[in-house]
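Residues per chain are reported as follows:
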Amino acid sequence: MIDRASVVVVGGGIVGSAIAFNLLKMGMKNVCVIERSYVSSGSTGRCAGGIRQQWSSSMNVKLAMRSVKLFEQFEKEVGMNIEYYQGGYLLLAYTDSESDDFVKNVKMQKSQGLDVDILTKHEIKEKFPFINVEGVKLGSWCKSDGHANPQIANIAYAIAIRKMGGEFITHTTVTGIDVQNGQIVGVQTDNGYIHTNTVIDAAGFESPKIGEMVGITIPVYGERHQILVTEAVNHFLDPLVINFNHNYYVRQTRHGSLIMGQGDVNPAPGEDIGNTIEFLEEMSEKMVRDFPIIKNVHIVRQWSGAYDMSPDAQPIIDESKSVSRFIYATGFSGHGFMLAPAVGEAVAEMIIYGRTVTTDISNLKMDRFAIGIEREHNVV
Amino acid sequence: MEGRILEHPILSFTRQKRVRIFFEGNEIEAYEGESVAAALHAAGIKVLRYTPINGRPAGFFCAVGKCSSCLMEIDGVPNVRSCMTKVRDGMQVRRQHGKGDLV
Amino acid sequence: MKEYDAIVIGGGPAGMSAASVLGDHVKTLILDENDALGGQLVKQTHKFFGDHAHYASKRGFEIAKELTDEIYKKPVDISTASTVIGIYPQNTVAYVKDGREELVRYKKLLIATGAMERQLPFINSDLPGVYGAGAIQTLMNQYGIFPGKRFLIIGSGNIGLILAYQLAQTGAEVRMIVEALDKVGGYEVHANKVKRLGIPILLKHTIVKAMGDESVQGVVIAEVDDKFGVIPGTEKEIVVDTICVSVGLIPLTELAEQAKCKIEYIPELGGYVPVRDERMHTTNSDVFVAGDLSSIEEATTAIIEGKLAAMQIVKDLTKTDLGKEISDELKTLDIFRSGPKSFKIRKGLEKMGIKVPEIEVPKLFQTPIENAKSKLHAVIECTEEIPCNSCESSCKFDAIKVGENINTPPIFDPSKCTGCAVCVTACPGLAIFMEKLDESPNATIGIPYEFLPLPKFNEKMWGMDKEGNYVCDLTVKRVVKNPNKTNIVYVELPKEFVDDVRHVRYPKKESPFVCRCEEVTLDQIEKIIDSGITDFEEIKRMTRITMGPCGGKNCKMITLGIISRKTGIPISKLSHGTSRPPVKPTEFSAFLRGDEK
Ligand SMILES: Cc1cc2nc3c(=O)[nH]c(=O)nc-3n(C[C@H](O)[C@H](O)[C@H](O)COP(=O)(O)OP(=O)(O)OC[C@H]3O[C@@H](n4cnc5c(N)ncnc54)[C@H](O)[C@@H]3O)c2cc1C
Ligand SMILES: Cc1cc2nc3c(=O)[nH]c(=O)nc-3n(C[C@H](O)[C@H](O)[C@H](O)COP(=O)(O)OP(=O)(O)OC[C@H]3O[C@@H](n4cnc5c(N)ncnc54)[C@H](O)[C@@H]3O)c2cc1C
Ligand code: FES
């Protein structure tokens, strides 16, 4: 293993990988990612892969729009086909207050330059005749939303990082960070010591543990979310459909399988990523009701993963005030995959230029919790 | 030596009720208790589907529901393991092409 | 939710014998996915070994019937056609019956799910007509349907041998059994039974590929060397319509894994097996295993293991003193496992910390070698008496003699040959080649070639043998174009193959399928590994291997084997993923409550 690096990224999930990739792209040398297990072993490997721009907070909209630009170039830039598909996102509203929210959000999203529309119940039925629209008031539809394969994206970054001369070390755990007089001097791992003065905490829902190593508190916690996949069937479902009211999302991968999940009715704490039979029962009930044609489709696998939740369901991206050049990018609250390309770019800019250039993410700093900021509502 | 075994040195086979099942619209011989894959095999039909990626012909492999090699469209439902599905009178069986259509 | 003292999953000999014992003492449920209990036994028409107490000389299906009759007399809840799809928290078993999910709770669980067949990837192994041994038995012995006419069987273990015999009983023609090892895997008596029917067992042979468009029409087999590599030039085509794969069984450990039992790789016991003690207790205090799931063995040992596990469960739940009965069963087990054929099992059990009395281990031995020749000269392969002497006329140096009667096959004098190769272009039968064998490890051969496109200097091609089988990779060194369109392609190839290669062709993309569900080939996996991705989990995500509807039952071991071969890391040291429910693809409709179905 190397013993010196200009930057050590802790965590080789999609976020850490995107940051390292962008650092290398911007010309930085000796970038090193340390991953405890295999590539995509964390939340990234369990993620549904949805990429949407229709958020209720303008910060999320902006970041996601930048990400979509980067996803569109991903294959060319990073060098691998990640099954990216812009089939749109369809959000369904069932109540008057939900409808009002959608209308309000669409207005805000449009002001950010997003091509998004409200669909009437009739238009939804017309476009997607296989959806049971009983009870639906209206929908919000953005055709440039989409999805991709997060696991392959993660591996694609890892391969690119190695090709660009970076170190991507797997099966190695960061066990401590050496700080002297508020300056980082090195990182201890179970495979050796690496001298460095810059550390990026991208350890997902375990990022607080890395924070503790330098004495700072990161208000992030893991929350179990379950998910399932079916056998492949021929393509029929273009958009990823989100139904907040019935509490689910569903998409069809390019491979043909349907991936779907929900917010756990009784979420288990983050370290528990087991499966429950109730999940299959709850999902079957509502999915067959809303998508009658999938009644006889076979479920082939269920699993679960942790959302890295922050208090307002928005990412926390900042540099520590007490320890210089300790940067954290975490708290993605169930949307870290889609934001990763833009976040990777922004964090790399922070490190190289001392400030972000492409997308202003100052709203995502830690001190917002002292001021109080509005929670992102559109989360499953 | 095709079709059903009538005499066997060790076993004796008593067939249950004759039922009508249709393969690609054509009736084939089948008896209650038989699996779809078995009845088709007796009728000389080995290709049960064409695979999604390479379009290769595939038949059954394990015959006990463990390998998913035998997926067919049965009564309009795709991806049914024909080795584990018992024949029913009037059943419509089709070769599956690719991953199966829902719409 | 219904609660039982004991739930048994799997109604083979292990599960049935256990449920019989359990039913006498505690509230018991036995689940099996088939319509009838019996497991593997219902398909066996041959007589079993063993002793009187363990159904010796009864036929498999008869044993199944006796065990079934016995269990139906006991106060045991029996649920057949019930597929267990997962083990969930709070000792919950989920199964599907009649297309509906059912949930039950246990105090103690015995998993006796047996094993499934190993696959063997070879070219076209996905063709209809390539069937597992169990599938053929199901068709033939359960449904009474002729599985095919002409067979090739791969694997000479007991299952392969028995299958050959059973096929012969239906009147089918078994062309041969091929076995990669240098000795028969199964019992000698089983082998002799098959041999005297005139079915050859080809040792040190393997299947190269199946042939046919829509279903099997033939097979290419070949001899293998000590490392199980195909020996070039030994390929043979055989006409068969069915190929039976019987290369062993793999324990079905998924449910045990989901029940959080520790799983370890012990190849002697069949691969990944649940870790357990002498009395079949796993690392989960509420879970026991028995039968083929715990080690690929026999019906006899499965029955004893089932009883043992049951007695221990009864003891744990009711404090009944069964010490004597348990130690009697343990002794019987030791006796069954003391023969020389059980040495692998003994070794495997020892790895798990279970000691079994010892017997000497059989030894292995090895192979033949080849010879060589020298200088650039013609090679004439014309032994048939046909009226032709064009070679003799074309040669300006008097090196080829046919003589007065032009039907005489040519005689060749290498000392007069200058290597001009005019005869090669002259021969109407394309039966003359050029050859040069010097001190270097590579040889050169010149091959008459009448196809387009014409190969180019330094191109990599495949050397093909007389039957059109791939022999080796080779490099084009010179292409001599001739006005009569019989061009000569000179190629460089490893010396060993000069006698085999008689044709060159552009490499064809043909690689065996490792994963049927997602259609992943050996080549794809090897390429990923070559690109530096060697972690099973990463390979899985890149190729979708093990992610299809079978959940990796078929391809996981093969993939681990490929990783191990390419990286040199033993399989036992590789991570092997996590089993997740449902074990069998399950329709959404199974989970629907209420009358909507
Ligand atoms: C069921 C589910 C569905 C989801 N669906 C979506 C979706 O549709 N769209 C979307 O955008 N997002 C989705 N998400 C969220 C998304 O998966 C995450 O936000 C994102 O993957 C976070 O990436 P990350 O790199 O921060 O974390 P991770 O992928 O968890 O990576 C962190 C890595 O750090 C490593 N690590 C931890 N501690 C150490 C240490 N001490 N030393 C070394 N390495 C360490 C871990 O092994 C891990 O690999 C979903 C999540 C789940 C669970
Ligand atoms: C061709 C052949 C010849 C043999 N010859 C002999 C012989 O001569 N002498 C001898 O002693 N032994 C012989 N055996 C071995 C013997 O049959 C096995 O060792 C024995 O059947 C193992 O018993 P078991 O109960 O562990 O498993 P099995 O008999 O395999 O039973 C397991 C049962 O569990 C069920 N099951 C699996 N998964 C699930 C699930 N998820 N849900 C519900 N049910 C499930 C299966 O359907 C099956 O019914 C032979 C085997 C074969 C294949
Ligand atoms: S043949 Fe294997 S599942 Fe049907």
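Residues numbered from 1 in each chain as written. Chains lettered and ligands numbered in written order. Predicted model: local features only at pLDDT ≥ 70, side-chain atom pairs only at ≥ 80, totals over all residues. Heavy atoms only, no water.

### Looking at the overall build of chain A
Helix and strand counts for chain A stand at ten helices and 19 strands. Taken over the C-alpha trace, chain A has a radius of gyration of 21 Å; the compact-globule value for 380 residues is 21 Å, and the two agree within 12%. Counting only C-alpha atoms, chain A reaches 65 × 40 × 40 Å along its principal axes. When the 380 residues of chain A are sorted by exposure, 64% land in the buried category. In the form shown here, chain A has an accessible surface area of approximately 13,600 Å², with 49% of it arising from carbon and sulfur atoms. Of note, chain A has its 34 positive side-chain charges centred 5 Å away from the centre of its 43 negative side-chain charges. (Helix = DSSP H or I, 4+ residues; strand = E, 2+ residues; numbered from the N terminus. Rg over C-alpha atoms; globule rule 2.2 N^0.38 Å. Buried < 20%, exposed > 50% of the residue type's maximum accessible area, 1.4 Å probe, protein only. Areas by Shrake-Rupley, 256 points an atom, 1.4 Å probe, with all protein chains shown as cover. Lys, Arg positive; Asp, Glu negative; His and termini not counted. Charge placed at Lys NZ, Arg CZ, Asp CG, Glu CD.)

### Structural notes on the interface of chain C and chain A
Between chain C and chain A, the contact holds 32 residues from the first and 34 residues from the second. Between chain C and chain A lies a buried interface of about 3,100 Å² when both sides are counted; carbon and sulfur atoms form 59% of it. Where chain C touches chain A, the interface holds one salt bridge. With a closest N to O distance of 3.5 Å, C:Arg593 and A:Glu281 form a salt bridge. At the junction of chain C and chain A, the tally comes to 15 residue pairs in polar contact (both at pLDDT 80 or more). (Contact = heavy atoms within 4.5 Å. Buried area = accessible area lost by both parts, 1.4 Å probe. Salt bridge = Lys/Arg side-chain N within 4 Å of Asp/Glu carboxyl O. Polar contact = N/O pair within 3.5 Å; in protein donor to acceptor, adjacent residues only side chain to side chain.)

### Quick notes on the site of ligand 2
Residues and elements named next belong to chain C. Within the structure, ligand 2 sits among 30 residues, and Asp32, Gln40, His46, Val84 and Asp292 are positioned closest to it. Here a nitrogen atom of ligand 2 sits 2.9 Å away from a polar atom, N or O, in the main chain of Val84. A distance of 3.0 Å is found between an oxygen atom of ligand 2 and a backbone nitrogen or oxygen belonging to Ala299. When ligand 2 is considered free in solution it has 1,000 Å² of accessible area, and contact with the protein chains removes 95% of it. Where the shell around ligand 2 is concerned, the elements lending two or more residues are helix H1 (13-23), strand S4 (82-88), helix H4 (158-169) and helix H7 (299-318). A breakdown of the residues in the shell around ligand 2 according to their chemical character gives ten nonpolar, 15 polar and five charged. (Near = heavy atom within 4 Å. Nonpolar A, V, L, I, M, F, W, Y, C, P; charged D, E, K, R; others polar.)

### Some remarks on the site of ligand 1
Residues and elements named next belong to chain A. In the vicinity of ligand 1 there are 39 residues, among which Glu35, Ser43, Thr44, Gly50 and Met338 approach most closely. Between ligand 1 and the protein, one listed contact pairs an oxygen atom with a side-chain N or O atom of Glu35 at 2.6 Å. A distance of 3.1 Å separates an oxygen atom of ligand 1 from a polar backbone atom of Phe337. Summarising the interface, the protein chains cover 97% of the accessible area of ligand 1, which totals 1,000 Å² for the free molecule. Broken down by element, the shell around ligand 1 gets its largest block of residues, four residues, from strand S17 (residues 298-309). The residue makeup of the shell around ligand 1, split by class, is 17 nonpolar, 17 polar and five charged.

### Digging into the interface of chain B and chain C
On the chain C side, the residues contacting the 45 residues of chain B number 51 residues. Counting every contact that joins chain B to chain C gives three salt bridges. When the shortest N-O distance is used, the salt bridge between B:Lys66 and C:Glu33 registers 3.8 Å. Scanning the region where chain B abuts chain C turns up 15 residue pairs in polar contact (both at pLDDT 80 or more). Elements that contribute at least two residues to the side of chain B that touches chain C include exactly helix H1 (36-42), strand S3 (49-50) and strand S4 (57-58) of chain B. At four residues, H1(B) tops the list of elements feeding residues into the side of chain B that touches chain C. A class-by-class count of the residues in the side of chain B that touches chain C yields 23 nonpolar, twelve polar and ten charged.

### A closer look at the domain arrangement of chain C
Residue and element names in this part refer to chain C. Domains assigned within chain C are domain 1 (2-115 + 250-351), domain 2 (119-247), domain 3 (370-505) and domain 4 (513-573). The straight-line distance from the C-alpha centre of domain 1 to that of domain 4 is 31 Å. On the domain 4 side, the residues contacting the six residues of domain 1 number six residues. For the pair domain 1 and domain 4, the summed buried area comes to about 550 Å², and 67% of that belongs to carbon and sulfur atoms. Counting across the interface, domain 1 meets domain 4 through zero residue pairs in polar contact (both at pLDDT 80 or more). Its residues assigned to classes, the side of domain 1 that touches domain 4 comprises four nonpolar, no polar and two charged. (Domains from an automatic or database assignment.)

### Some points on a nonpolar patch on the surface
All names here are of chain A. A grouping of Ile352, Tyr353 and Val357 is seen on the molecular surface, where their side chains present a nonpolar patch of about 270 Å² in accessible area. Note that Val357 resides in the loop between helix H9 (336-353) and helix H10 (368-371). Its relative accessible area of 46% is what places Val357 among the partly exposed residues. (Patch = residues over 30% accessible without salt bridge, like charges linked within 9 Å, V, L, I, M, F, W, Y side chains within 5 Å.)

### Some remarks on the pattern of salt bridges
Where charged atoms of side chains with opposite charge meet at close range, the side chains can pair. With the rule as written, the count across this model stands at 48 salt bridges over all chains. B:Glu29 is the salt-bridge partner of B:Arg4, the closest N and O atoms lying 3.8 Å from each other. A residue pair is termed long-range when its members are at least 10 positions apart, and B:Arg4 in the segment before strand S1 (18-23) and B:Glu29 in strand S2 (residues 26-31) qualify at 25 residues. Here B:Arg4 falls in the buried class, since its relative accessible area comes to 12%. The partner of C:Lys262 in a salt bridge is C:Glu264, and the shortest N-O contact between them spans 3.1 Å. Overall, the relative accessible area of 27% leaves C:Glu264 in the partly exposed class. When salt bridges with common partners are traced through the structure, they connect C:Arg276, C:Glu297, C:Glu305 and C:Arg337 into a single cluster.

### Digging into the confidence of the model for chain C
Residue and element names in this part refer to chain C. Predicted confidence across chain C gives a mean pLDDT of 88, with 92% of residues reaching 70 or more. Overall, residues 359-372 carries pLDDT values under 50, and its contacts beyond four positions in sequence, including any with other chains, amount to 15 contacts. For this predicted complex, the interface confidence comes out at an ipTM of 0.91, alongside a pTM of 0.74. (pLDDT = per-residue confidence, 0-100.)

### Looking at the side chain of C:Ser156
All names here are of chain C. With respect to the element layout, Ser156 can be found in the loop between strand S9 (150-154) and H4. At 2.6 Å, the side chain of Ser156 forms a polar contact with the side chain of Glu179. Not counting residues up to four positions away in its chain, the partners in contact with Ser156 are Leu161, Ile177, Val178, Glu179, Lys183, Val184, Gly185, Gly186 and Ile201.

### Details of the sheet that holds S4(B)
Residues and elements named next belong to chain B. Ordered by their spatial adjacency, three strands build an open sheet running S4-S3-S8, and the pairing between neighbours is mixed. Of all strands in the sheet, those with a lone pairing partner are S4 and strand S8 (96-97), marking the two edges. Taken together, the two bridges between S3 and S4 define a ladder with antiparallel strand orientation. For Arg49, the partnering residue across the bridge sits in S4 and is Ala58. (Pairing = 2+ DSSP bridges.)

### Remarks on the packing of helix H6 (residues 150-163) of chain A against helix H13 (residues 536-543) of chain C
Each pair of packed helices can be described by the angle between their axes along with the distance between the axes. In contact at an axis separation of 9 Å, H6(A) and H13(C) are set at 120 degrees when each is read in the N-to-C sense. Here the hand of the crossing between H6(A) and H13(C) comes out left-handed. Together, A:Gln151, A:Ile152 and A:Ile155 of H6(A) and C:Glu538, C:Arg541 and C:Met542 of H13(C) make up the contact between the two elements. When the residues that make up the contact of H6(A) with H13(C) are grouped by side-chain class, the tally is three nonpolar, one polar and two charged. (Axes fitted to C-alpha atoms, helices over the stretch in contact; angles between N-to-C directions. Left-handed = near helix turned anticlockwise from the far one by under 90°.)

### Concerning unusual backbone geometry
Residue and element names in this part refer to chain C. Cis rather than trans, the peptide bond between Pro581 and Pro582 has omega equal to -10 degrees. Locating Pro582 in the fold gives a position in the loop between helix H14 (556-567) and strand S31 (586-587). For Lys204, which is not a glycine, the phi torsion comes out positive at approximately 50 degrees. Tracing the chain through its elements places Lys204 in the loop between strand S11 (201-203) and strand S12 (205-211). One non-glycine residue with positive phi stands out, namely Asn458, at about 70 degrees. One can find Asn458 in the loop between strand S24 (442-449) and strand S25 (460-464). Residue Asn458 is classed as partly exposed on the basis of its relative accessible area of 39%.

### As for H4(C)
Residue and element names in this part refer to chain C. Relative to the 16 Å expected for twelve residues at 1.5 Å per residue, H4 spans 16 Å between its end C-alpha atoms, a close match to the ideal helical length. Of all the positions in H4, only Gly160, Leu161, Ile162, Leu163, Ala164, Gln166, Leu167 and Gln169 are classed as buried. As for H4, its buried residues are in contact with helix H3 (133-142), S9, strand S10 (173-179), helix H5 (188-195), S11 and strand S15 (242-245). (Expected span 1.5 Å × (residues − 1).)

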